[in-house]
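Chain residues, written in single-letter form:
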Amino acid sequence: MQKSAIDLSDIQEDTPQSRLTIEQRLRNWARIKSPWAIHYNSGSCNGCDIELLTLVTPRYDVERFGVKLQGSPRHADILIVTGSVTFQSKDRLIRIFNQMPEPKLVLGLGSCSISGGVFHDCYCVVQGGVSNVIPVDVFVPGCPPRPEAMINGLLVLLDIAKGKRQKSDYNQPTIVENPDVVEAPLNAPEENGEK
Amino acid sequence: MTELQEINKSTSAKKYIVPIGPQHPALKEPGHFQFTVEGEIVVDATIRLGYVHRGIEKAAEQRNYTQVLYLVERVCGICSHSHGTAFIQCAEKLAGVEIPPRAKAVRAIAGEIERLHSHLLWLGVASHGGGFDSMFMYSWRDREIVMEILENFFGNRVNYSVNIPGGVKEDITTEFIDQVTPKLEYLKKRMEYYLDVINTDITFRQRTVNIGKIGKVETDKLGATGPTARASGVARDMRITRPYDGYDLFPVNIVTDDRCDLNARFVVRIKECIESILYIIDVMNRMPDGELTAKMPRKIPAGEYMSSVEAPRGELFYFVRSNGTENPDRVKIRTASLCNWGTVVSSVAKGHKLADMPMILSGIDPCFSCNDRMVQISRGKNDSEVWTWEQLRKYGIEYYQ
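Let me sum up the structure you'll find in this document. Think of each chain on its own: its residues are numbered from 1, step by step along the sequence as written. Here every chain gets a letter starting at A, and every ligand a number starting at 1, in the order they are written. Where totals are concerned, whole chains, interfaces and linings use all residues; where local detail is concerned, this predicted model gives features only for residues with pLDDT of at least 70, and gives and counts side-chain atom pairs only at 80 or more. Only hydrogens and water are set aside; all other atoms, that is, all heavy atoms of the structure, feed into the side-chain values.

### Things to note about the overall build of chain B
Selection criterion: Put simply, DSSP H or I for four residues or longer makes a helix, DSSP E for two residues or longer makes a strand, and each gets a number counted from the N terminus. The classification of residues rests on relative accessible area computed with a 1.4 Å probe and restricted to protein chains. Under 20% of the type maximum is buried, over 50% is exposed, and intermediate values are partly exposed. By the convention used here, residues are in contact when the closest approach between their heavy atoms is within 4.5 Å. Using a 1.4 Å probe, accessible areas were evaluated by the Shrake-Rupley method; residue-level cover was limited to the displayed protein chains.
Check the secondary structure of chain B and you find 16 helices and 8 strands. Counting across all 401 residues of chain B, residues that qualify as buried make up 57%. Residue pairs in contact within chain B that sit at least 24 positions apart in sequence constitute 70% of those at least 6 positions apart. Carbon and sulfur atoms make up 52% of the accessible area of chain B, which totals about 16,500 Å².

### Quick notes on the packing of helix α5 (residues 101-129) of chain B against helix α7 (residues 174-200) of chain B
All names here are of chain B. So the rule is basically this: Only the stretch in contact is used when fitting a helix axis, every axis being a line fitted to C-alpha atoms; angles between N-to-C directions are given from 0 to 180 degrees. By the definition used in this description, the sense in which the near helix is turned from the far one sets the handedness, with an anticlockwise turn below a right angle giving left-handed and a clockwise turn giving right-handed. Gly is put with the polar residues, along with every residue not named as nonpolar or charged; the nonpolar set is Ala, Val, Leu, Ile, Met, Phe, Trp, Tyr, Cys and Pro, and the charged set is Asp, Glu, Lys and Arg.
The geometry of α5 relative to α7 is characterised by a closest axis approach of 13 Å and an angle of 35 degrees between their N-to-C directions. Of the two possible hands of crossing, α5 and α7 adopt the one that is left-handed. For the pair α5 and α7, contact is made by Leu-116, Leu-120 and Leu-123 and by Leu-184, Leu-187, Met-191 and Tyr-194, respectively. Across the contact of α5 with α7, the residue classes tally to 7 nonpolar, no polar and no charged.

### Some details on the sheet that holds strand β3 (residues 41-48) of chain B
Residue and element names in this part refer to chain B. The line we're drawing: We treat two strands as partners when DSSP finds at least two bridges between them.
Here we have 3 strands laid out as an open sheet, ordered β1-β2-β3, and antiparallel in their pairing. Edge strands, defined here as strands with exactly one partner in the open sheet, are β1 (16-20) and β3. Sheet twist, expressed as the mean angle between neighbouring strand axes with direction ignored, is 20 degrees. With 7 bridges joining them, strand β2 (residues 32-38) and β3 adopt antiparallel strand pairing. Bridge pairing in β3 links Gln-34 to Thr-46.

### A look at the environment of Ser42(A)
All names here are of chain A. Along the polypeptide, Ser-42 turns up in the loop between β1 (36-41) and α2 (47-54). For Ser-42, a relative accessible area of 0% gives the class buried. As a C-alpha pair, Ser-42 and Val-81 span 39 residues in sequence and 6.7 Å in three-dimensional space. Beyond its immediate chain neighbours, meaning those up to four positions away, Ser-42 contacts Val-81, Thr-82, Gly-83, Ser-84, Val-85, Thr-86, Ser-89 and Leu-93.

### Details of the sheet that holds strand β7 (residues 314-322) of chain B
Residues and elements named next belong to chain B. The strand order across the open sheet built from 3 strands is β6-β7-β8, with neighbouring strands paired in antiparallel fashion. Here the strands that pair on one side only, and so sit at the sheet edges, are β6 (303-311) and β8 (328-334). Along the sheet, successive strands turn relative to each other by an average axial angle of 15 degrees, direction set aside. Here 6 bridges tie β7 to β8, and the two strands are oriented antiparallel to one another. Pairing of Ser-322 across the sheet is with Pro-328, part of β8. On top of the sheet, helix α4 (residues 80-95) reaches β6, β7 and β8; it is set at about 150 degrees to β6, its chief contact.

### A look at the nonpolar core
The condition that has to hold: Side-chain atoms within 4.5 Å link the members of a nonpolar core, which is a set of buried Ala, Val, Leu, Ile, Met, Phe, Trp, Tyr and Cys residues.
Judged by nonpolar contacts, the single largest core of 117 residues is most densely connected at Phe87(B), Ile172(B), Leu184(B), Phe266(B), Met284(B) and Tyr318(B). For this core, the element with the most residues is α5(B), which contributes 13 residues. The contact partners of Tyr318(B), leaving out residues within four places of it in the chain, are Val72(B), Val75(B), His83(B), Ala86(B), Phe87(B), Cys90(B), Tyr305(B), Met306(B), Ser307(B), Val331(B), Lys332(B) and Ile333(B). With 21 residues, the next largest nonpolar core counts Leu52(A), Leu55(A), Val62(A) and Ile80(A) among its residues.

### Things to note about the interface of chain B and chain A
The cut-off we apply is this: Note on definitions: salt bridges are taken to be side-chain nitrogens of Lys or Arg within 4 Å of carboxyl oxygens of Asp or Glu. Definition of a polar contact: a pair of N or O atoms within 3.5 Å, with one able to donate and the other able to accept a hydrogen when the atoms are protein atoms, and with sequence-neighbouring residues admitted only if both atoms are side-chain atoms.
Across the contact, 54 residues belong to chain B and 43 residues belong to chain A. Counting across the chain B and chain A interface gives 4 salt bridges. For the salt bridge of Arg146(A) with Glu151(B), the shortest nitrogen-to-oxygen distance reads 2.0 Å. Viewed at the interface, chain A and chain B are joined by 13 residue pairs in polar contact (both at pLDDT 80 or more). Every element with two or more residues in the side of chain B that touches chain A is listed here: α1 (3-12), α2 (56-60), α5, α6 (133-154) and α16 (389-399) of chain B. Top contributing element to the side of chain B that touches chain A by residue count: α6(B), with 9 residues. Its residues placed into classes, the side of chain B that touches chain A shows 26 nonpolar, 12 polar and 16 charged.

### Overview of the pattern of salt bridges
Residue and element names in this part refer to chain B. A complete count under the given rule lists 31 salt bridges over all chains for this structure. The partner of Glu-92 in a salt bridge is Arg-107, and the shortest N-O contact between them spans 2.9 Å. Pair noted here: Glu-92 is in helix α4 and Arg-107 is in helix α5, with a separation of 15 residues, a long-range link. By relative accessible area, which is 3% here, Glu-92 ends up buried. Judged by its relative accessible area of 2%, Arg-107 falls in the buried class.

Here it is in structure tokens:
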């Protein structure tokens, strides 16, 4: 007998809760094969960034696992943050995190993202690393981590997405408060353009 | 004139501002650019930096010299050896310590391996900016050879910290020389192949020849350094004009080009790689004998010293003032990327198509984490010269919010 890709046997039908679970499992099934990642440097020394870039080049090639670096946060499943968080990129990091569609995963690369690393008491750095700004699922230690360690981190992240590993608060959608960004008022449509 | 033509005329005269960054697929690091375009032609460009300002210069004052050495290596992960060398040179000169010749040779070799890895990295990123992705993949595949050398020898792929106060950590053994020489010879062949590609590939030549031109006089005036200056015929190289550790014993050849365009910047960097390979092989085979370290005191005598190092991107300048304690009193860093921004913003970018911008930007090999320093301009007499820790912290927080 062939096993189906999504196991729905333990779900009772016609309850509002089960519908949610079915939806979640469908979503997971759809995205774990090809998670798209977005990279943001929030104050790193470039060490982790150049090592992250080796992942898309021939020797390490994470496209084997379907992972692809993507430009827009709105298309991404994984946010890869490198480095300590400086005060100026803090707001931008929160904005990128909020722009990503739910469910989202965050991977923190390097010692700096864990605790601030060598920059731990600099005056312009958020104390205590990335997890004080946005919720992080997996950290990869190292200064910088080896590409193999980064691949391992990505696979652990995918295991979390599959539900093989537990993360206590994973099922709740996480909302980080938007920074106070003064949005420019939209201009009225110009007369020339409408004709 | 019909109505439609009138509309076309009124819209074509309009200027639009295209914002890029801080998070953008073409940028690996955060920086914000605003290009004012008329149609497709860029008429003005402004940059806003500071997203990676971490306050390293201030933090250096609270750590001792050994700790600061590891801190300044993290100013930039790509040219970490140059930062470490420039800083520790100052400390050694202040303490009156002369490092042994063998340590000097190891420092020079490490510096050249770093130049190789940085230029190969740049070659990939710059050709990626021009849409030449096969070159990106090729050069990064070859860069792994350099990374292997770095890892086998120094123990880490990036931030390898060869320097310690008073010398170096690792020795160049005969095994290492036997292992490295064939790899370097293979790399040399690859670099000659890349030189051939960028000079013959028609599509690539169309994207680089006569793009981003900047004259020799203007380059000199804007204070550009490194390969950006050398590609415009300005012979500026700290390894030759002010030889430091290693380069005083083993001189290096300078590479210049007079064509001043983007293609010249590619040619200069690739030829520099070939020079570096020849230099490493040469120095490895006539290593001076002797110790690797000299005794270095913990407390550095009071005084001031400036040192310049030729990083892969250009001149890297360090100023260190000591007050006789274990911690430096002041560390000032000026990096090459900051000097080179002027060439892009003031002249190169204007008059080109928007599609050329990624290549022109990456043509100077920008490194954002290098160039985010704080500058306070003093106006009026009442500004206090000395800032307290609280003032500086408050200023940093307010400025960046």
